[in-house]
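Below, each chain spelled out in residue letters.
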Amino acid sequence: MDVLHHESVKAVAGQYTKMGRSVCGDSYFMIATEDYYVCILADGLGSGTYAHEASSAACDVVSMHHEEDVETLMNRCNDSLLKKRGAAVAIVKVDFTTKVVQYSCVGNVRFYFYSHDGTLTYPLPVTGYLSGRKQTFKTQEFLYGEGSSFLLHSDGLELTRVRPMLQPQHSLDYISSQLESIVRGTDDTTFVIGRLP
């Protein structure tokens with residue numbers, strides 16, 4: 001488990017390689033600064049080395065340019081995947097000052113945002129994947145309040161009841177252990193669970 005502790009966000013990430021593979025085809029990167037939190041989760045097409053190469057390229061770009069807005073980062077990720085296998089990519093950026101969450105995704109990475117008032121937001125991703133070819137992105141924005149939670153995961157994780165899991169009485173450790181317990185190993189699996197205190 002990878003744990004990020006910051007005064008404005010807490011996050012836990014788990015990553016699991018498909019059975020029989022030595023390399024995970026998923027990659028992720030997250031960072032919190034004084035002003036914002038950024039997380040990217042990239043799921044390389046297929047599994048193994050070439051999937052990992054593609055997903056890592058997208059994450060490397062975000063790690064170098066995380067101060068930029070989500071749409072610019074998605075374009076950078078797309079450019080980085082030219083002549084690589086391709087990847088499903090989701091990026092979340094949380095602005096601590098404006099209390100705005102920005103989100104964009106292409107492909108089968110899932111994102112859930114549970115607001116402090118009990119509202120569960122599940123933005124629909126654009127179908128397909130990033131591969132360097134010209135792509136249209138849909139960036140969504142919404143406000144958040146204290147005590148909100150979020151979950152980002154690759155398609156190796158199959159969830160049925162997200163709302164009860166994300167409720168504020170559950171600690172991040174509890175939620176991550178629940179997620180870990182349903183990992184099957186039939187695909188690369190990555191999740192990032194976070195809370196905005």
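Our subject is the structure listed above.
Since we're looking at a predicted model, the values are computed, not measured.

### Side note on the packing of aromatic side chains
- The final tally for this structure, using the stated rule, is 6 aromatic pairs.
- Between Tyr 112 and Tyr 122, the ring centres sit 4.9 Å apart and the planes meet at 15 degrees, which makes this aromatic pair stacked. Remark: Tyr 122 occurs in the loop between strand S8 (120–121) and strand S9 (139–143) and Tyr 112 occurs in strand S7 (residues 110–114); sequence separation between them is 10 residues.
- With relative accessibility at 33%, the residue Tyr 122 sits in the partly exposed group.
- A network of ring pairs unites the aromatic residues Tyr 103, Phe 111, Phe 113 and Phe 142 as a single cluster.
- Of note, Lys 93 hangs over the ring of Tyr 36, and the distance from its end group to the ring centre comes to 4.3 Å.
- It is Arg 133 that lies over the ring of Tyr 129; its NZ or CZ is 5.1 Å from the centre.

### Points about the sheet that holds strand S3 (residues 26–32)
- The strand order across the open sheet built from 5 strands is S3-S4-S5-S6-S9, with neighbouring strands paired in antiparallel fashion. Each edge of the open sheet carries a strand with a single partner, namely S3 and S9. Going from strand to strand, the sheet's axes swing by 10 degrees on average, the running direction of each strand aside.
- Of the strand pairs in this sheet, strand S5 (residues 87–95) and strand S6 (residues 100–106) are connected by 7 bridges, and their pairing is antiparallel. Bridge pairing in S6 links Asp 95 to Val 100.
- Along the sheet, helix H2 (residues 70–80) makes contact with strand S4 (36–44), S5, S6 and S9, crossing S5 at roughly 155 degrees.

Rules behind the numbers
Residues numbered from 1 in each chain as written. Predicted model: local features only at pLDDT ≥ 70, side-chain atom pairs only at ≥ 80, totals over all residues. Heavy atoms only, no water. Phe/Tyr/Trp six-rings, centres within 6.5 Å; stacked < 30°, edge-to-face > 60°. Helix = DSSP H or I, 4+ residues; strand = E, 2+ residues; numbered from the N terminus. Buried < 20%, exposed > 50% of the residue type's maximum accessible area, 1.4 Å probe, protein only. Lys NZ or Arg CZ within 6 Å of the ring centre and 35° of its normal. Pairing = 2+ DSSP bridges. Axes fitted to C-alpha atoms, helices over the stretch in contact; angles between N-to-C directions. Contact = heavy atoms within 4.5 Å.

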